[in-house]
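A closer look at the structure
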Amino acid sequence: MPSRFEYERAVRSSDLPSLSRLLALTVATWADVKTGAIPDRLTPSLTTLEAATGMARASVRTHLNKLESEGWLKRDRPPVAAARSEKARTKYTIKVPRGAAVPDSDGIELGQDVANARAGAALDAQELGQELPQAAFVE
């Protein structure tokens, strides 16, 4: 299973349609940074995916099917009766299809070991949410 960041880099460099990318990257937000696993307690429902992406339910389903058929996601669906009576959810596993490119890290991914950073140190938790100085815009 790829790490969440490997998956995200592969999705960003893929030729997936934009809404499929959006959905893949959104599903990845629930994945563990290092293992890529999505814990059962965090598994998003279709309603959650609709709200998180702004997509219509039919579009979410269409693009989930595309991601699954192209090898970007694995879905383990509960039986219909369990989904209705127990509110059981589909379990998602993020995957990088065979042959898909996984670009190297730029070295600034959260949770990345500093020793593995290629282009600089990992972000410090204290830097999160702070404004960074921007170059002045001159016309």
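Above this text you will find the structure in question.
On a predicted model such as this, the values are computed, not experimentally measured, just so you know.

The rules we used
- Residue numbers here run from 1 along each chain, matching the order of that chain's written sequence.
- Only residues with pLDDT of at least 70 are given local features in this predicted model, and only at 80 or more are side-chain atom pairs given and counted; all residues enter the totals for whole chains, interfaces and linings.
- No hydrogens and no water enter the side-chain calculation; it runs on all heavy atoms of the structure.
- Counting from the N terminus, the helices are DSSP H or I runs at least four residues long and the strands are E runs at least two residues long.
- Note on contacts: a residue pair is in contact if any heavy atoms of the two residues lie within 4.5 Å.
- Under the convention used here, a 1.4 Å probe and the Shrake-Rupley method define accessible areas, while residue burial counts only the protein chains that appear.
- Any residue under 20% of the maximum accessible area for its type is buried, any over 50% is exposed, and the rest in between are partly exposed; the area is computed with a 1.4 Å probe on protein chains only.
- Pairing of N or O atoms within 3.5 Å defines a polar contact, subject to two protein rules: one partner must be a possible hydrogen donor and the other a possible acceptor, and residues neighboring in sequence count only if both atoms are side-chain atoms.
- Ring geometry is summarised as follows: Phe, Tyr and Trp rings, the Trp one being its six-membered ring, pair when their centres sit within 6.5 Å, and such pairs are stacked at plane angles under 30 degrees, edge-to-face over 60 and tilted between the two.
- What counts as an axis is a line fitted to C-alpha atoms, over the stretch in contact for a helix, and the angles between N-to-C directions run from 0 to 180 degrees.
- What sets the label is the angle itself: under 35 degrees gives roughly parallel, over 145 gives roughly antiparallel, 65 to 115 gives roughly perpendicular, and the rest give oblique.
- Any residue that is not Ala, Val, Leu, Ile, Met, Phe, Trp, Tyr, Cys, Pro, Asp, Glu, Lys or Arg is counted as polar, Gly included; the first ten are nonpolar and the last four charged.
- If DSSP finds at least two bridges between two strands, the strands pair.
- What we call a nonpolar core is a set of buried Ala, Val, Leu, Ile, Met, Phe, Trp, Tyr and Cys residues that are connected through their side-chain atoms within 4.5 Å.

The helix and strand tally for the protein stands at 5 helices and 2 strands. Ordered by position from the N terminus, the helices and strands of the protein form the series α-α-α-α-β-α-β. For the protein, restricting intrachain contacts to residue pairs at least 6 apart in sequence, the fraction spanning at least 24 positions comes to 53%. As displayed, the protein has an accessible area near 9000 Å², and 51% of this comes from carbon and sulfur atoms.

Relative to the elements of secondary structure, R4 occurs in helix α1 (residues 4–12). By relative accessible area, which is 19% here, R4 ends up buried. Polar side-chain contacts of R4 include one of 2.8 Å to the side chain of E8. Once residues within four sequence positions are removed from consideration, R4 is found in contact with A28, T29, A31, D32, V33, G36 and I94.

Within this structure, the stated rule accounts for 1 aromatic pair. Judged by centre distance (6.1 Å) and plane angle (70°), the rings of Y7 and W72 are edge-to-face. Taken together, the positions of Y7 in helix α1 and W72 in the loop between α4 (57–69) and β1 (73–76) put the pair 65 residues apart, joining distant regions of the chain. Under the relative-accessibility criterion, W72 is labelled buried at 4%.

Right, let's get into the packing of helix α2 (residues 18–28) against α4. At a minimum axis distance of 9 Å, the contact between α2 and α4 shows a crossing angle of 85°. Compared by their axis directions, α2 and α4 come out roughly perpendicular. Contact residues: L19, S20, L23 and A24 in α2; V60, H63, L64, K66 and L67 in α4. Here the contact of α2 with α4 is built from residues that sort into 6 nonpolar, 2 polar and 1 charged.

Judged by which residues are buried, strand β2 (residues 91–94) turns out to be one-sided: Y92 and I94 face inward and are buried, whereas K91 and T93, on the alternate face, are not. Pairing geometry for β1 and β2, over 4 bridges, is antiparallel. Bridge pairing in β2 links R75 to Y92.

Y7, L23, V27, L64, L73 and Y92 are the most contacted members of the largest nonpolar core, which has 20 residues in total. Elements with a minimum of two residues in this core: α1, α2, α3 (46–53), α4 and β2. With 4 residues, the single largest contributor to this core is α2. Not counting residues within four places of it along the chain, the set of residues in contact with L73 comprises Y7, V27, L64, L67, E68, Y92, T93, I94 and K95.

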